[in-house]
Amino acid sequence: MARALTAHSHSHREDMLSVEEARERVLAFVRVLEPEEKSLLDALDQVLAEDVVSPINIPLWANSGMDGYAVRHLDVAGASLQRPRVLRVIGTVAAGDVPHVRVEPGTAVRIMTGAPLPEAADTVVPFEETDELERKEAGNGLEQIAVRSADQKGACVRPAGEDVREGEQVLAKGAVLSPAALGVAASIGRSTLKVVRRPVVAVLSTGDELQPPGEALAPGKIYDVNSFSVAASVLRAGGIPKLLGIARDTLPGMHAKVDQGLQADLLLTSAGVSKGDYDLVKDVLAQRGQVEFWSVRMRPAKPLAFGLLRSPSGAMVPHVGLPGNPVSAMVAFEQIVRPALLKMQGRTRWERPVIDATLEDDLHNHDGRRVYARVLVTKRDGRFYARLTGAQGSNVLTPLSRANGLAICPEDVAVLPAGERAKVQMVNWPEEVDL
Ligand code: AMP
Ligand code: MG
């Protein structure tokens with residue numbers, strides 16, 4: 001059974017924000033961005049900022065649903081193999097043509113799929129229900145055609161307005177534009193749509209120890225991880241990352257980078273936010289606006305900074321200071337920043353799918369924080385199982401790269417043993433789950 005934490009483990013809980021409180025505080029300061037006109041393909045996955053009403057019927061005019069003969073139903077009613085109805089063929093109409101003939105009694109027009117139905121025709125008889133093939137094989141012309149069976153009136157005809165009526169709303173404001181929705185927009189003649197703009201997100205790594213990948217490491221240095229993992233997460237969340245690189249722990253270095261960052265819709269920094277840390281990040285940010293340093297009741301990613309910084313143009317730009325350890329930075333992004341980016345894009349849902357999975361390893365909680373354990377969820381015999389993907393230190397990144405979910409050990413539970421069910425937030429669903 002799950003064991004509850006003892007009371008003294010809760011000693012610091014009062015100073016801490018829950019994950020939900022931290023998320024709500026950030027969300028309260030981010031606004032839905034303004035709309036912009038985008039060409040259809042560039043609008044994929046963005047939120048529609050207008051109701052879209054069709055100026056036309058779709059189809060615009062009745063047309064053929066098959067290759068065949070456009071006829072008057074009265075002329076072919078009761079036709080059979082034994083009693084075919086022979087009609088005079090007075091023309092052909094292909095898709096893209098305009099029919100110039102009227103189907104008088106006793107006549108038919110050869111018609112292709114998608115071609116407009118000629119005047120006075122009400123039914124299409126497919127080639128297979130005529131003697132067209134035999135006539136061709138015998139080398140005969142198609143001046144006449146025998147109809148050998150007849151469906152109901154209107155068969156194989158796509159009526160005008162079958163899909164969309166002129167004046168009908170086809171897409172609603174707030175919809176997330178799928179490939180099919182873009183197709184609908186094209187079908188009514190739209191080449192652009194008004195959508196909520198994507199946020200530009202400045203990503204800044206801080207620390208004297210950091211060096212960009214691609215060159216040999218100098219003594220005492222490590223490669224900058226967060227620029228890439230965080231910027232990639234921004235892309236996945238629909239944002240436009242702007243890599244600012246690495247800020248050295250010097251005042252002028254930091255100020256220059258922060259200036260660039262404040263041209264964005266959101267500034268994300270990493271590192272320098274822990275308690276008792278004298279990194280310059282804190283001082284520089286505090287000089288630029290209001291910044292709060294929080295302890296969030298989660299593991300990893302306890303320390304977090306949130307601020308509103310004044311840009312050179314006077315605008316207040318939200319800033320989230322992620323923790324430096326790479327796993328912490330990504331988990332804090334997932335819980336706090338991703339919802340904010342989705343809100344900026346006009347989305348109203350940002351929860352990941354949460355499933356119940358049977359644990360294959362124990363989950364441990366030492367100090368009353370919610371644990372997000374890196375797990376790989378698999379499905380066997382219709383049930384989900386979650387296994388730790390490796391060491392759970394916030395500095396150990398490769399297990400996160402093998403995980404598809406974050407298994408939760410709640411704040412007030414000290415151990416969730418193997419065999420118990422746990423909630424798992426699926427961060428890579430459904431792409432990386434075998435169902
Ligand atoms: P700090 O918050 O500055 O104390 O950083 C916490 C830990 O995260 C330290 O071990 C840092 O070296 C490490 N760290 C900070 N930023 C990065 C980064 N961009 N890439 C990789 N590790 C980092
Ligand atoms: Mg540091």
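Above this text is the structure in question.
Now for a description of the structure that goes with this document. (Residues numbered from 1 in each chain as written. Chains lettered and ligands numbered in written order. Predicted model: local features only at pLDDT ≥ 70, side-chain atom pairs only at ≥ 80, totals over all residues. Heavy atoms only, no water.)

### A word on the overall build of the protein chain
Thinking step 1. Regarding its fold elements, the protein chain presents 9 helices and 28 strands.
Thinking step 2. By the compact-globule yardstick of 22 Å for 435 residues, the protein chain is too spread out, its C-alpha radius of gyration being 32 Å.
Thinking step 3. Summarising its shape, the C-alpha atoms of the protein chain cover approximately 95 × 55 × 45 Å along the three principal directions.
Thinking step 4. Among the 435 residues that make up the protein chain, the fraction classed as buried is 47%.
Thinking step 5. Once local pairs closer than 6 in sequence are excluded, the contacts in the protein chain between residues at least 24 apart make up 70%.
Thinking step 6. Carbon and sulfur atoms form 53% of the exposed surface of the protein chain, whose accessible area is close to 20,900 Å².
Thinking step 7. Separation of charge centres in the protein chain, based on 50 positive and 55 negative side chains, amounts to 3 Å. (Helix = DSSP H or I, 4+ residues; strand = E, 2+ residues; numbered from the N terminus. Rg over C-alpha atoms; globule rule 2.2 N^0.38 Å. Buried < 20%, exposed > 50% of the residue type's maximum accessible area, 1.4 Å probe, protein only. Contact = heavy atoms within 4.5 Å. Areas by Shrake-Rupley, 256 points an atom, 1.4 Å probe, with all protein chains shown as cover. Lys, Arg positive; Asp, Glu negative; His and termini not counted. Charge placed at Lys NZ, Arg CZ, Asp CG, Glu CD.)

### A word on the pairing of strand β28 (residues 421-426)
Thinking step 1. Note: strand β22 (residues 354-359) against β28, 5 bridges, orientation antiparallel. Bridging across to β28, Asp-356 finds its partner in Lys-423. (Pairing = 2+ DSSP bridges.)

### Here's the deal with the nonpolar core
Thinking step 1. Counting residues in hydrophobic clusters, the biggest one holds 43 residues, and the most contacted among them are Leu-268, Val-320 and Leu-341.
Thinking step 2. Listing elements by their share of this core, those giving two or more residues are α1 (19-28), β13 (200-206), α5 (226-236), β17 (266-270), β20 (303-310), β21 (316-322), α8 (326-344) and β26 (405-409).
Thinking step 3. It is α8 that provides the largest number of residues to this core, a total of 11 residues.
Thinking step 4. The residues touching Leu-341, leaving out its near neighbours within four places in the chain, are Pro-199, Val-201, Val-234, Ala-237, Leu-266 and Phe-333.
Thinking step 5. Counting residues in each nonpolar core, the second largest holds 18 residues, with Ala-357, Val-371, Phe-384 and Val-433 among its members. (Core = buried A, V, L, I, M, F, W, Y, C linked by side-chain atoms within 4.5 Å.)

### Let's talk about the site of ligand 1
Thinking step 1. By nearness alone, 16 residues border ligand 1, and Glu-209, Asp-224, Val-225, Gly-272 and Gly-324 come closest of all.
Thinking step 2. For ligand 1, a nitrogen atom lies 3.4 Å from a polar atom in the side chain of Ser-205.
Thinking step 3. Within the side chain of Glu-209, an N or O atom sits 2.5 Å from an oxygen atom of ligand 1.
Thinking step 4. Out of a free accessible area of 490 Å², ligand 1 has 77% covered by protein chains.
Thinking step 5. Each residue belonging to the shell around ligand 1 can be placed in one class, and the counts come to 6 nonpolar, 6 polar and 4 charged. (Near = heavy atom within 4 Å. Polar contact = N/O pair within 3.5 Å; in protein donor to acceptor, adjacent residues only side chain to side chain. Nonpolar A, V, L, I, M, F, W, Y, C, P; charged D, E, K, R; others polar.)

### Section: the pattern of salt bridges
Thinking step 1. Taken as a whole, this structure holds 21 salt bridges when the rule is applied.
Thinking step 2. One salt bridge connects Glu-34 with Arg-197, and the closest N-O pair in it is separated by 2.7 Å. In this pair, Glu-34 is assigned in the loop between α1 and β2 (35-39) and Arg-197 in the loop between β12 (192-196) and β13, connecting sequence segments 163 residues apart.
Thinking step 3. Between Arg-387 and Glu-360 there is a salt bridge whose closest N-O contact spans 3.4 Å. Residue Arg-387 is located in strand β25 (residues 383-388), and its partner Glu-360 is located in the loop between β22 and β23 (363-364); the two are separated by 27 residues in the primary sequence.
Thinking step 4. Since its relative accessible area comes to 45%, Arg-387 is described here as partly exposed.
Thinking step 5. Counted as one network, the salt bridges with shared partners bring together Glu-20, Arg-370 and Glu-411. (Salt bridge = Lys/Arg side-chain N within 4 Å of Asp/Glu carboxyl O.)

### Some words on empty space enclosed by the protein
Thinking step 1. Scanning all chains against the criterion turns up 1 cavity of 30 Å³ or more.
Thinking step 2. Estimates place the volume of the largest cavity at around 30 Å³.
Thinking step 3. Those elements that provide at least two residues to the lining of the largest cavity are β13, α5 and β17. (1 Å grid on protein atoms, 1.4 Å probe; cavity = no way out; pocket = protein on both sides within 12 Å on 5 of 7 lines; lining within 4 Å. Points joined across faces, edges and corners; volume = space filled by probe spheres on them.)

### Things to note about the packing of aromatic side chains
Thinking step 1. If you walk through the whole model with that rule in mind, you get 4 aromatic pairs.
Thinking step 2. Through pairs of rings, three or more aromatic residues link up here, namely Phe-29, Trp-294 and Phe-306.
Thinking step 3. Over the ring of Tyr-385 we find Arg-380; its NZ or CZ atom is 4.1 Å from the centre of that ring. (Phe/Tyr/Trp six-rings, centres within 6.5 Å; stacked < 30°, edge-to-face > 60°. Lys NZ or Arg CZ within 6 Å of the ring centre and 35° of its normal.)

By themselves, these figures tell us nothing about what the structure is for.
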